[in-house]
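Architecture and fold: a report
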Amino acid sequence: GPQRVPALVSVKVRTVACGGFFTAAVVAGGGMVTFGANECGQLGHGGREAERAPRLVRALEGTPIAQVACGACHLVALSETGALHVCGRNGDGELGTGDLVGANAELPRRLPLFGDPGVCTVAVACGSFHTAAVVRLSRRRLGGLVGERAAAAVEERIARR
């Protein structure tokens, strides 16, 4: 059955996510701890050694984390500023880094675009081998990403509602 995690008993945990045999938790102050299996570097500590107890992800120190989501062997952390940081398996492109499939990340990597001006990342979720993010774009940024014609079509559709 459920068990207490001794290292977290006196820590205020803001949110928690579980992946395939590993766990990530955002703690008070925006730090993130991870523990469990680590065969693809999904814990974000560098290397692939499993962690039996929660360990602070030092690579994200100074970046307050608001939410975390886990897949089978990957992790996505959403910072309070809307940036996305990813680590772990990338066998199916689940990290969204644009790297060739199979380029795992053992330390968190910040994804470009997310958290940039005009791009507000609201939430993130993971399936076993994919990642999804809810993003609000400014109208100006939308035009730059999808083209002015497509942006105008979106604006027209919104106006009709």
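In what follows, the structure referred to is the one given above.
Residues numbered from 1 in each chain as written. Predicted model: local features only at pLDDT ≥ 70, side-chain atom pairs only at ≥ 80, totals over all residues. Heavy atoms only, no water.

1. Description of the state of the cysteines
- Applying the stated criterion across every chain yields a total of zero disulfides.
- The thiol of cysteine 18 is unpaired, and the distance to the nearest cysteine sulfur, on cysteine 70, comes to 7.0 Å. (Disulfide = S-S within 2.5 Å.)

2. Digging into the side chain of histidine 45
- Relative to the helices and strands, histidine 45 resides in the loop between strand S3 (32–36) and strand S4 (51–56).
- For histidine 45, a relative accessible area of 13% gives the class buried.
- Sequence-distant contacts of histidine 45, defined by excluding residues within four places in its chain, comprise Thr34, Glu51, Arg55, Leu56, Val57, Glu106 and Leu107. (Helix = DSSP H or I, 4+ residues; strand = E, 2+ residues; numbered from the N terminus. Buried < 20%, exposed > 50% of the residue type's maximum accessible area, 1.4 Å probe, protein only. Contact = heavy atoms within 4.5 Å.)

3. Quick look at the sheet that holds S3
- Here we have four strands laid out as an open sheet, ordered S1-S2-S3-S4, and antiparallel in their pairing. The strands lining the two open edges of the sheet, one partner per strand, are strand S1 (13–18) and S4. Sheet twist, expressed as the average angle between the axes of neighbouring strands with direction ignored, equals 15 degrees.
- Judged from the five bridges that link them, S1 and strand S2 (residues 22–27) form a sheet pairing that is antiparallel. Residue valine 16 lies in a different strand from S2, and its bridge partner there is alanine 25. (Pairing = 2+ DSSP bridges. Axes fitted to C-alpha atoms, helices over the stretch in contact; angles between N-to-C directions.)

4. Overview of the sheet that holds strand S5 (residues 65–70)
- Strand order in the open sheet formed by four strands is S5-S6-S7-S8, with antiparallel pairing between adjacent strands. Across the chains shown, the open sheet's two edge strands, defined by having one partner strand only, are S5 and strand S8 (105–110). Direction aside, neighbouring strands of the sheet carry axes that sit 15 degrees apart on average.
- Of the strand pairs in this sheet, S5 and strand S6 (residues 74–79) are connected by five bridges, and their pairing is antiparallel. For isoleucine 65, the partnering residue across the bridge sits in S6 and is serine 79.

5. Quick notes on the environment of alanine 66
- Assignment of secondary structure puts alanine 66 in strand S5.
- According to the relative accessible area criterion, alanine 66 is partly exposed, its value standing at 33%.
- The spacing of alanine 66 and glycine 20 is 46 residues in sequence and 21 Å in space, taken between C-alpha atoms.
- Each residue touching alanine 66, except ones within four places of it in the same chain, is listed here: Arg14, Thr15, Leu78, Ser79 and Glu80.

6. Side note on the pattern of salt bridges
- Applying the stated criterion across every chain, the model contains seven salt bridges.
- Note that glutamate 51 and arginine 55 form a salt bridge whose closest N and O atoms lie 2.7 Å from each other.
- Put simply, glutamate 94 and arginine 89 hold a salt bridge, and the shortest N to O gap is 2.6 Å.
- One network of salt bridges, in which partners are shared, links Arg89, Asp92 and Glu94. (Salt bridge = Lys/Arg side-chain N within 4 Å of Asp/Glu carboxyl O.)

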